[in-house]
Amino acid sequence: MNKTLKGIIGGSILLAMLGGVFAYLKLTEPEDAGESSSSAESTVETELWHAYTDDINQITVENPNGDNYTAIRRMDETKTTDMEGNEKTEEVANYYLKGYEKLPMNTTQIRLLATRAGSVTSTDTVAEDVSEADLAKYGLDQPVVVTLSVDNSDDIKFRLGNKAPVGDDRYIAMDGSNTVYTVSDFTVEPYLDGIKDYLGTTLTEEQAEDDNTVIESVRIERKDLDYDFYFVRDPYYEENANGGAMAVHVMEEPVKSLLSADRSADATHGLYGLTAAEVLTPFPKAADLKKAGLDDPFVTVTMKTDDHKTTVFLLGDTYENADGETRYYGMLKGIDCIYGFAPDAIAYEDLKAETIISRNVIDMYVWDIGKLEVEGGGEKLSFTVQGESKDDAVVTYNGKKQDADGVERYRLFYSYLLQTKAEDLILPGDAPKLTGDPLARVQIDRQDGKRS
């Protein structure tokens, strides 16, 4: 190889190497800040409006594919407690759906219509001066239109479109402008909800500790039974709780029986704290009631209280919700709305007498008894008692006064009788006709004559 050719080849190699180094340097040099194309630096944030949330007095939502509604501010006096534990009263701005004042509302949720979007800044500017034909790209051809009325200021009006394909944003345009922005979807999502989302599902409040209202009676009528459940208050058990095992109500129908305090509570007190699973039909028409089976209810519960109030609760037919769960149509009289109720949240639709009765046959405290007679197997035991405790009780057995050992034997015998438990409940129609003399008989009378 001659020297000239070697020089040409060596020069070519050197040029190639220099070219590679140049390319590497170009690839690795910092971008000019003014020419950056990153999304973070190309976004244009714009304050769309600013308002103090407590100054928003009305919110109007117009949804072409949903509900139109108006929420109105009302200043309510609310009791609060300061840092030192002192109770005080202050005015709080609450919002209520216009025209739905007679129905329970979720005021906390409705308040989000004002508090979520008091002041809003866009996350980006998408396009300016968009033609009417192109607004459909952003869902702004049929937008949700929101108007915020503000004290001593002009209305704030804007249009909401589709959710943006990237990120958690939604398209928005101000009234009178075709500039399209994006805003955080979280900020404006309350305006996409419907009326049912803002109505409450708590139909009655829990009975407060300082509420002394007494339930006088509860009647449960069910179409699948040929008898009612009827519970009445028995003042005797209010005065003689005997450890709290007995309820203050007794069952009069279908069979007279004592009730278990814990197992019967849902049946006797279930209309306190009554809560539905969902709101179905506000202000139903006759056709709505018929469709839900509420024109001829499956269950009717009537509760009467000592404040002369009568509360009536109805359950109609069943239906399946979107998740395939079975629920009951239901209404509380006085609230003009059909709700859905989960079966495990109510006790009435499958109530059984045998599950709520007390199995105790005898319920008196031993030292309250004045007379006890037991007959059976040709024997008769007769006891009388005077006194309030084992220490001062005077006990006679078949007319003979007992010493301390005899008093203790009487106490043990009565404890044995207390273990007598009902094993089954014979309902009307199933009861056999009893004839002849009983195998055994127990008669117990209290000293004060209040119960036998």
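Since the model is a prediction, treat every value here as computed from it, not as a measurement.

> I tried to follow unusual backbone geometry on my own but got confused; where do I start?
Excluding glycine, a negative phi dihedral is what most residues carry, and trans is how most peptide bonds are arranged. The amide bond that connects Glu 253 to the next residue, Pro 254, takes the cis arrangement and shows omega of 5°. For Asn 398, which is not glycine, the phi dihedral falls at a positive 50°.

> Hey, could you run me through helix α3 (residues 107–115) in this one?
Within the span of α3, buried status applies to Ile 110, Leu 113 and Ala 114. The buried residues of α3 occupy one face: seen down the axis, they fall within an arc of 95°. The secondary structure elements touched by the buried residues of α3 are β2 (56–62), β3 (69–81), β4 (87–97), β7 (144–150) and α5 (195–198).

> Mind showing me how you'd approach the environment of Glu 206 here?
Take Glu 206: it is sitting in the loop between α5 and β11 (215–222). For Glu 206, a relative accessible area of 60% puts it in the exposed group. Once the C-alpha coordinates of Glu 206 and Leu 274 are considered, the two residues, 68 residues apart in sequence, prove to be 7.8 Å apart. Residues in contact with Glu 206, not counting those within four places in the same chain, are Tyr 272 and Gly 273.

> Could you clarify how one ought to interpret the confidence of the model for the protein in this entry?
Detailed reading of the predicted model is not advised wherever pLDDT is low. Per-residue confidence for the protein averages 87 on the pLDDT scale, and 89% of its residues sit at or above 70. This stretch, residues 1–40, has a pLDDT under 50; its non-local contacts, to residues over four places away or in other chains, come to 6 contacts.

> When you look at the sheet that holds strand β21 (residues 379–386) in this model, what are you seeing that I'm missing?
Paired through their backbone hydrogen bonds, the strands of a sheet run either parallel or antiparallel. With antiparallel pairing, the 5 strands of this open sheet are ordered in space as β23-β22-β21-β20-β24. Edge strands, defined here as strands with exactly one partner in the open sheet, are β23 (400–401) and β24 (440–446). Note: strand β22 (residues 394–397) against β23, 2 bridges, orientation antiparallel. When the bridges of β23 are listed, Thr 396 appears paired with Lys 401. Along the sheet, helix α10 (residues 404–418) makes contact with β20 (369–376), β21, β22 and β24, crossing β20 at roughly 65°.

> Even after reading the chapter, I still don't get the packing of aromatic side chains, so can you show me in this structure?
The way to describe two aromatic rings as a pair is by their centre distance and the angle between their planes. Under the criterion given, the structure shown has 15 aromatic pairs. Taking 4.4 Å as the distance between ring centres and 15° as the angle between the ring planes, the aromatic pair formed by Trp 49 and Phe 158 counts as stacked. In this pair, Trp 49 is assigned in strand β1 (residues 47–50) and Phe 158 in strand β8 (residues 156–163), connecting sequence segments 109 residues apart. You'll find Trp 49 and Phe 158 in the same group, each marked buried. Feature note: the residues Trp 367, Phe 383, Tyr 397, Tyr 410 and Phe 413 constitute an aromatic cluster, connected by ring pairs. Positioned above the aromatic ring of Phe 186, the side-chain terminus of Arg 116 is 3.7 Å from the ring centre.

> In this structure, what is going on with helix α7 (residues 261–269)? I would like to understand it.
Two residues of an α-helix separated by three or four positions point the same way, owing to the 3.6 residues in each turn. Restricting attention to buried positions, one finds in α7 the residues Ser 264, Ala 267 and Thr 268. Buried residues in α7, looked at end-on, bunch into an arc of 90°, giving them a common side. Exposed side of α7, more than 90 degrees from the buried face: Asp 262 and Asp 266 are the residues found there.

> Even after reading the chapter, I still don't get the side chain of Asp 169, so can you show me in this structure?
Considering the arrangement of structural elements, one finds Asp 169 in strand β9 (residues 169–174). This buried residue, Asp 169, is left without a salt bridge; Lys 163 holds the nearest opposite charge, at 7.1 Å. Ignoring anything within four residues of it in the chain, the contact list for Asp 169 reads Thr 123, Lys 163, Ala 164, Thr 182, Val 183, Ser 184 and Asp 185.

> Just to check I follow, could you spell out the sheet that holds β8 for this structure?
Read from one edge to the other, the open sheet built from 8 strands follows the order β4-β3-β2-β7-β8-β9-β10-β6, with strand pairing classed as antiparallel. Of all the strands in the sheet, just β4 and β6 (124–127) have a single pairing partner and so form its edges. The average angle at which neighbouring strand axes cross in this sheet is 30°, direction not considered. Here β2 pairs with β3 via 4 bridges, running antiparallel. The residue bridging Thr 60 from the neighbouring strand is Thr 70, located in β3. Contacts from α3 reach β2, β3, β4 and β7, with the element oriented near 75° to β4.

> Just to check I follow, could you spell out the environment of Leu 103 for this structure?
Structurally, Leu 103 is set in the loop between β4 and α3. For the pair Leu 103 and Pro 282, spaced 179 residues apart in sequence, the C-alpha to C-alpha distance is 8.2 Å.

> Hey, could you run me through the pattern of salt bridges in this one?
A pair can form between side chains of opposite charge whenever their charged atoms are brought close. For the coordinates displayed, the defined rule picks out 23 salt bridges. With a closest N to O distance of 2.8 Å, Lys 390 and Glu 408 form a salt bridge. Here Lys 390 is found in the loop between β21 and β22, whereas its partner Glu 408 is found in helix α10, with 18 residues between them in sequence. What makes Glu 408 partly exposed here is its relative accessible area of 21%. Several salt bridges share partner residues, and in doing so they unite Lys 163, Asp 168, Arg 170 and Asp 185 into one network.

> Could you clarify how one ought to interpret the pairing of strand β12 (residues 229–233) in this entry?
On a regular strand, each side chain points to the face opposite its neighbour's, so the side chains alternate between the two faces of the sheet. Across 4 bridges, the pairing between β11 and β12 is antiparallel. Across the sheet, the residue bridging to Val 218 is Phe 231, located in β12. What sits between the antiparallel neighbours β11 and β12 is a turn of 6 residues.

> How should I be thinking about the layout of surface pockets in this particular structure?
Leftover empty space is mapped by rolling, across the atoms, a probe with the size of a water molecule. Computed from the structure, the largest pocket encloses a volume of approximately 760 Å³. Looking at which element gives the most residues to the lining of the largest pocket, the answer is β24, with 3 residues. Among the residues making up the lining of the largest pocket, the classes are represented as 11 nonpolar, 6 polar and 5 charged.

Conventions adopted
- Residues numbered from 1 in each chain as written.
- Predicted model: local features only at pLDDT ≥ 70, side-chain atom pairs only at ≥ 80, totals over all residues.
- Heavy atoms only, no water.
- Buried < 20%, exposed > 50% of the residue type's maximum accessible area, 1.4 Å probe, protein only.
- Helix = DSSP H or I, 4+ residues; strand = E, 2+ residues; numbered from the N terminus.
- Arc of directions from axis to C-beta.
- Contact = heavy atoms within 4.5 Å.
- pLDDT = per-residue confidence, 0-100.
- Pairing = 2+ DSSP bridges.
- Axes fitted to C-alpha atoms, helices over the stretch in contact; angles between N-to-C directions.
- Phe/Tyr/Trp six-rings, centres within 6.5 Å; stacked < 30°, edge-to-face > 60°.
- Lys NZ or Arg CZ within 6 Å of the ring centre and 35° of its normal.
- Lys, Arg positive; Asp, Glu negative; His and termini not counted.
- Salt bridge = Lys/Arg side-chain N within 4 Å of Asp/Glu carboxyl O.
- 1 Å grid on protein atoms, 1.4 Å probe; cavity = no way out; pocket = protein on both sides within 12 Å on 5 of 7 lines; lining within 4 Å.
- Points joined across faces, edges and corners; volume = space filled by probe spheres on them.
- Nonpolar A, V, L, I, M, F, W, Y, C, P; charged D, E, K, R; others polar.

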